[in-house]
Amino acid sequence: MADRNSTAYDPQGVERKWQQRWEERGTNRADLPGAARPFFNLMMFPYPSAEGLHVGNVFAFVGADIQGRYKRLTGHDVFEPLGFDAFGIHSENFALKVGTHPAELIPRNIERFRRQLRRIGLMADWRYEVQTTDPRYYRWTQWLFLQLFRAGLAVKRRAAVNWCPACKTVLANEQVIGGYCERHPDVKVEQRLLDQWFFTITKYAAPLLDNLATADWSHSTKTIQANWIGRSEGAELVFETPGGKRLTVFTTRPDTLFGATYLVLAPEHPLVAGLTTAECRADVNEYRRRVAAMDLVSRKSVEKAKTGVFTGSYARNPATGASVPIWIADYVLMEYGTGAIMAVPGHDERDFEFAAQMKLPVVRVVAGPGQSATTPLAAAEPDIPEGRLVNSPGYDGVPWEEAKRAITAALAAKGLAKPVTNYRLHDWCISRQRYWGPPIPIIYCDDCGTVPVPEQDLPVVLPALEDFRPDDSGVSPLARAESWYRVPCPKCGKLARRETDVSDTFLDSAWYFLRYPSADRDDVPFDAALTRKWLPVASYIGGNEHAVLHLMYARFITMALKDLGHVSFAEPFARFRAHGTIVKDGAKMSKSRGNVVNPDQYVEQWGADTFRMYLMFLGPYQEGGDFRDAGISGIRRFLDKVWALVEAAGTEAQAHGGTGKPSPDLVRMMHRTIQRVTGDTAALDYNTAIAAMMEYVNALRDGTPTRALLEPLAILLAPYAPHFAEECWERLGHATSVMDAAWPGFDPALAVADEVEFVVQVGGKVRGRLTLARGTAEAAAVAAALADPAVARFTGGQAPRKVVFVPDRLVNIVI
Ligand SMILES: [Zn+2]
Ligand SMILES: [Zn+2]
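Bear in mind the structure is a predicted one, so any value in this text is a computation, not a measurement.

**So, the overall build of the protein**
Now for step 1: Check the secondary structure of the protein and you find 27 helices and 34 strands.
Now for step 2: When the backbone C-alpha atoms are referred to their principal axes, the protein occupies close to 105 × 85 × 50 Å.
Now for step 3: When each of the 815 residues of the protein is scored for burial, the buried share is 54%.
Now for step 4: Long-range pairs, those at least 24 residues apart, make up 72% of the contacts in the protein with a sequence separation of at least 6.
Now for step 5: Entry remark: accessible area of the protein is about 34100 Å², with carbon and sulfur atoms responsible for 52%.

**Quick notes on the sheet that holds strand β24 (residues 486-488)**
Now for step 1: Overall, antiparallel pairing links the four strands, which are arranged β23-β22-β25-β24 in an open sheet. The sheet is open, and its two borders are formed by β23 (449-452) and β24, each paired with just one other strand. Strand-to-strand twist in this sheet, taken as the mean axis angle between neighbours without regard to direction, amounts to 40 degrees.
Now for step 2: The pairing of β24 with strand β25 (residues 495-498) spans three bridges and is classified as antiparallel. The partner of proline 488 across the bridge, within β25, is leucine 495.

**Quick notes on the confidence of the model for the protein**
Now for step 1: On average, residues of the protein score 92 in pLDDT, and 97% of them are at 70 or above.
Now for step 2: Here residues 1-5 is modelled with pLDDT under 50, and outside its nearest four sequence neighbours on either side it reaches five contacts, counting other chains as well.

**A closer look at the environment of threonine 531**
Now for step 1: On the secondary structure map, threonine 531 appears in helix α16 (residues 528-534).
Now for step 2: Overall, threonine 531 belongs to the buried group, its relative accessible area being 5%.
Now for step 3: Each C-alpha atom of the pair threonine 531 and glycine 346 lies 55 Å from the other, and the pair is 185 residues apart in sequence.
Now for step 4: Beyond its immediate chain neighbours, meaning those up to four positions away, threonine 531 contacts Leu514, Phe526, Val567 and Phe569.

**Let's talk about the coordination of the zinc ion (ligand 1)**
Now for step 1: Only Cys164 (SG), Cys167 (SG), Cys181 (SG) and His184 (ND1) from the protein coordinate the zinc ion (ligand 1), and they sit 2.0 to 2.3 Å from it.
Now for step 2: Along the chain, the residues donating to the zinc ion (ligand 1) fall in the pattern C-x2-C-x13-C-x2-H. Pair noted here: cysteine 164 is in strand β5 (residues 154-164) and histidine 184 is in the loop between β8 (180-181) and β9 (190-199), with a separation of 20 residues, a long-range link.
Now for step 3: We classify histidine 184 as partly exposed; its relative accessible area is 21%.

**Examining the packing of helix α19 (residues 608-617) against helix α24 (residues 722-731)**
Now for step 1: Running from amino to carboxyl end, α19 crosses α24 at an angle of 120 degrees, the nearest separation of the two axes being 7 Å. Of the possible angle classes, the one that applies to α19 and α24 is oblique. Across the interface between the two elements, Ala608, Asp609 and Arg612 from α19 touch Pro722, His723 and Phe724 from α24.
Now for step 2: Classifying every residue of the contact of α19 with α24 by side-chain character gives three nonpolar, one polar and two charged.

**Here's the deal with the pairing of strand β13 (residues 262-265)**
Now for step 1: Burial along β13 is two-sided: the residues Tyr262 and Val264 and Leu263 and Leu265 are all buried.
Now for step 2: Sheet topology places β13 next to strand β16 (residues 340-343); four bridges connect them, and they run antiparallel. The residue bridging leucine 265 from the neighbouring strand is alanine 340, located in β16.

**What about the pattern of salt bridges?**
Now for step 1: Inspection of every chain in the model, using the stated rule, returns 45 salt bridges.
Now for step 2: Its salt-bridge partner being aspartate 629, residue lysine 584 comes within 3.7 Å of it at the nearest N-O pair. Separated by 45 residues along the polypeptide, lysine 584 in strand β29 (residues 581-584) and aspartate 629 in the loop between β30 (624-627) and α20 (632-656) bring together distant segments of the chain.
Now for step 3: Judged by relative accessible area, aspartate 629 falls into the partly exposed class, the value being 40%.
Now for step 4: Among the ionic pairs, arginine 628 bridges to aspartate 585, the shortest N-O distance being 4.0 Å.

**What to know about the pairing of strand β1 (residues 38-43)**
Every regular strand shows the same layout, with side chains that alternate between the two sheet faces.
Now for step 1: Among the six residues of β1, five are classified as buried, and the element is accordingly described as predominantly covered.
Now for step 2: Here β1 runs beside strand β2 (residues 77-79); their pairing, made up of three bridges, is parallel. Considered in β2, the bridge of phenylalanine 40 is made with phenylalanine 79.
Now for step 3: What joins β1 to β2 is helix α2 (residues 55-73), and the crossover it makes is right-handed.
Now for step 4: Alignment of β1 against strand β27 (residues 539-543), held across three bridges, turns out to be parallel.

**A short note on the layout of surface pockets**
Now for step 1: Computed from the structure, the second largest pocket encloses a volume of approximately 1000 Å³.
Now for step 2: Surrounding the second largest pocket, 29 residues form its lining, Thr252, Tyr336, Ile341, Asp348 and Arg350 being those nearest its centre.
Now for step 3: Broken down by secondary-structure element, the contributors of at least two residues to the lining of the second largest pocket are β12 (246-251), β16 and α11 (349-358).
Now for step 4: In terms of residue count, the dominant contributor to the lining of the second largest pocket is α11 (four residues).
Now for step 5: Looking at the lining of the second largest pocket residue by residue, the class counts come to 11 nonpolar, eight polar and 10 charged.

**Digging into the coordination of the zinc ion (ligand 2)**
Now for step 1: Bound to the zinc ion (ligand 2) are the protein donor atoms Cys445 (SG), Cys448 (SG), Cys489 (SG) and Cys492 (SG), situated 2.2 to 2.3 Å from the metal.
Now for step 2: Given four donor atoms and angles of 107 to 112 degrees at the metal, the environment of the zinc ion (ligand 2) is assigned as tetrahedral.
Now for step 3: Mapping the donors of the zinc ion (ligand 2) onto the primary sequence yields the spacing C-x2-C-x40-C-x2-C.
Now for step 4: According to the relative accessible area criterion, cysteine 492 is partly exposed, its value standing at 41%.

**Things to note about the nonpolar core**
Nonpolar side chains in soluble globular proteins tend to end up buried together.
Now for step 1: Grouped together as the largest cluster of nonpolar side chains are 181 residues, with contacts concentrated most on Phe145, Phe199, Trp428, Phe513, Ile557 and Leu615.
Now for step 2: Ignoring any residue separated from it by four or fewer positions in sequence, one finds isoleucine 557 in contact with Leu144, Leu148, Phe199, Trp428, Leu507, Ala510 and Trp511.
Now for step 3: Counting 49 residues, the second-largest nonpolar core is a separate cluster that includes Val238, Phe258, Ala315 and Val365.

**Some points on the environment of glutamine 19**
Now for step 1: Topologically, glutamine 19 is positioned in helix α1 (residues 11-25).
Now for step 2: When the C-alpha atoms of glutamine 19 and leucine 122 are compared, they prove to be 9.8 Å apart, with 103 residues separating the residues in sequence.
Now for step 3: Residues within four places of glutamine 19 in sequence aside, it is in contact with Arg118, Arg119, Gly121 and His723.

**Side note on the side chain of glutamine 225**
Now for step 1: Along the chain, glutamine 225 turns up in helix α7 (residues 219-229).
Now for step 2: Only 2.8 Å separates the side chain of glutamine 225 from the backbone oxygen of alanine 547, close enough to count as a polar contact.

**Digging into the sheet that holds strand β28 (residues 575-579)**
Now for step 1: Strand order in the open sheet formed by five strands is β2-β1-β27-β28-β10, with parallel pairing between adjacent strands. Across the chains shown, the open sheet's two edge strands, defined by having one partner strand only, are β2 and β10 (216-217).
Now for step 2: Helix-sheet contacts for α2 involve β1, β2, β27 and β28, and the interaxial angle to β1 is about 175 degrees.

**Describing helix α9 (residues 281-292)**
Now for step 1: Counted at 1.5 Å a residue, the expected span for α9 with its 12 residues is 16 Å, and the 16 Å between its end C-alpha atoms agrees.
Now for step 2: Residues of α9 that are buried include every one of Val284, Tyr287 and Val291, and no others. Summarising the axial view, the buried residues of α9 lie within an arc of 65 degrees, below the 170-degree limit, and thus occupy one face. Exposed side of α9, more than 90 degrees from the buried face: Ala282 and Arg289 are the residues found there.

Conventions we followed
- Residues numbered from 1 in each chain as written.
- Chains lettered and ligands numbered in written order.
- Predicted model: local features only at pLDDT ≥ 70, side-chain atom pairs only at ≥ 80, totals over all residues.
- Heavy atoms only, no water.
- Helix = DSSP H or I, 4+ residues; strand = E, 2+ residues; numbered from the N terminus.
- Buried < 20%, exposed > 50% of the residue type's maximum accessible area, 1.4 Å probe, protein only.
- Contact = heavy atoms within 4.5 Å.
- Areas by Shrake-Rupley, 256 points an atom, 1.4 Å probe, with all protein chains shown as cover.
- Pairing = 2+ DSSP bridges.
- Axes fitted to C-alpha atoms, helices over the stretch in contact; angles between N-to-C directions.
- pLDDT = per-residue confidence, 0-100.
- Donors = N, O, S within 2.8 Å, 3.2 Å for Na, K, Ca; no water.
- Parallel < 35°, antiparallel > 145°, perpendicular 65-115°, else oblique.
- Nonpolar A, V, L, I, M, F, W, Y, C, P; charged D, E, K, R; others polar.
- Salt bridge = Lys/Arg side-chain N within 4 Å of Asp/Glu carboxyl O.
- Right-handed = clockwise from strand over helix to strand, strands pointing away.
- 1 Å grid on protein atoms, 1.4 Å probe; cavity = no way out; pocket = protein on both sides within 12 Å on 5 of 7 lines; lining within 4 Å.
- Points joined across faces, edges and corners; volume = space filled by probe spheres on them.
- Tetrahedral: all angles 85-135°; square planar, octahedral: opposite > 155°, others 65-115°.
- Core = buried A, V, L, I, M, F, W, Y, C linked by side-chain atoms within 4.5 Å.
- Polar contact = N/O pair within 3.5 Å; in protein donor to acceptor, adjacent residues only side chain to side chain.
- Expected span 1.5 Å × (residues − 1).
- Arc of directions from axis to C-beta.

See the structure below:
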């Protein structure tokens, strides 16, 4: 009985066979120059960790792969490239831990990742793989830096930065968790003043925010970005000191100016030294020293107790003319606004707390309905609905929003105010005092100053350093490689010095999608014609943990490249969807809990197709779900059933020399299934698409399976279980790939469920439910309801006095 049709489903054999076929036939290759309907299907390229592919990666990639395959089956030319984001501190720290050079470690990790990614059956076109650590790639990352440098968007400046003494490098604000390093939960982050390269992303704050309004992105991602950019409309107001110094403050509430009872400067504010009186000098200096040792994140924490000291000086409130004291406090930051605020304790929580602690006056200047100028303030009242000004001579009774504009305008006329928009977004510090990154392509010459490396000299290759350990000096390990950093000045030829910082790994990933279509080109970073054809990216799927860094930087770089004439679009990703996260047995996966799912093990045991489908069946893709080992066998049983149906159809076809005529009920069900799977797959509702296919398969098992009923199912399955679908397709008599088939259409008339459920009420209370043909007329529906024993108990056999009838939905009988 060696009949092919009687074999059981063997996932390993099927998957090996089809992966080899895809390879031989070039099934997954996109024709980049010739494509008629390009669809760039992007997924977030992984950081190739030593642990191998994480199940979270698989979840993300399979969900994106389903989109790509679905688009291809609906007639698009889909380009689905992959690559590796292998520079950065994670790789370097791991290399340090295991005592192996990252240049040796990373290729091994990449090799393993590539093998794992192939094994799960992604439709990836590996001809266009990129690796950020390849000089052929980072040559263009350096080129990008030079474009921004020439445009004045890359600047070097001294700045207070978060410094992790364990990582021995600068951390971004979002890497500081409650004052500690995200990688070293027991290491307190310090503040250091260092010369750093910044990209002035803040120049793009307005379009970065405004474009979100029309972006086809997950709502959650847009909200995170909008909050991160943090626009506030307000005014800069001038407070003058008796000595004639002008202190500019930024406020979003100029309407509360009459309640500004003191000023607070950031301890680093340049005017502090000049304003501090002799009596206060010792306290002020001591306080500034203490603040300098704190990290920026804990300074911004709202929970911590307010501290501060008086400078001894006063300034004039431009509205009241009163003299108000000038303090310094760590809750005011140099980076936000002007580094100085007017404190309005009556209507700002932080100011209220501070005033209470320092015994400073609190004045009400806004009153809501039922309040007056003398209503006491037990706490700050920041937002008073329908508030009007009080204790504000000249403006009493004016609604606060109107007063905002009026007060700003009145002071502007005297040169004491100007309306401004402020953002929470900071410039992007791209310097890293580490080894494992692309060297920043800058040379310092004593005579010529800061000189960019000429483009024809790129790449500046990262030298092979034996000792790449960071140290406490705040200087990159490259500063120990004298033979590397000593170079002639490109301008005058005199001996000069290379920049020894490397760039942030987020710069590598801020443009990789532009590189993919041109990954085989060494003459350009990205080919103009291919870029026009394939970008912006049609679909990008990734995690919301990248909502503010990667996704913001990629948008900024694209906008800058557009302004510099290198691309024709400002937004890189036409559609972005955030996927959910999966947990294991109800808990977050972590090494310490020992509940990390190793994808290899599952793929080996169950096959990639079963594993893919199981991951997609855990819950709504955009929300995630709970991974339980017990659930996976249900998917396998489903595939086994399909396998048996395909076998039976083959046997039947052989026996009858053709296809049997399918039953009308099954045909209707097929159209309904196609309709549901089409809508759900397009909307990333993969779990319900799978559920629809399961229902269909159960119905097929009760009838006679025919090719006409099974062929559409094989195509619907192709995005989800691609190897399996190929095998079914072949067994149903096709010689070409199922991926070259056309997605099945459905007849909406047939797809409509022909039975509906009526709710039956008696006197407004639900007493029963009836399944009736769609379109059942009122008389027939009422008759059926009255005949129903559950309903009859409540009508007592009486004729209805009145009936409320909603077609296909409801019969309400009033007795
Ligand atoms: Zn650290
Ligand atoms: Zn020079």
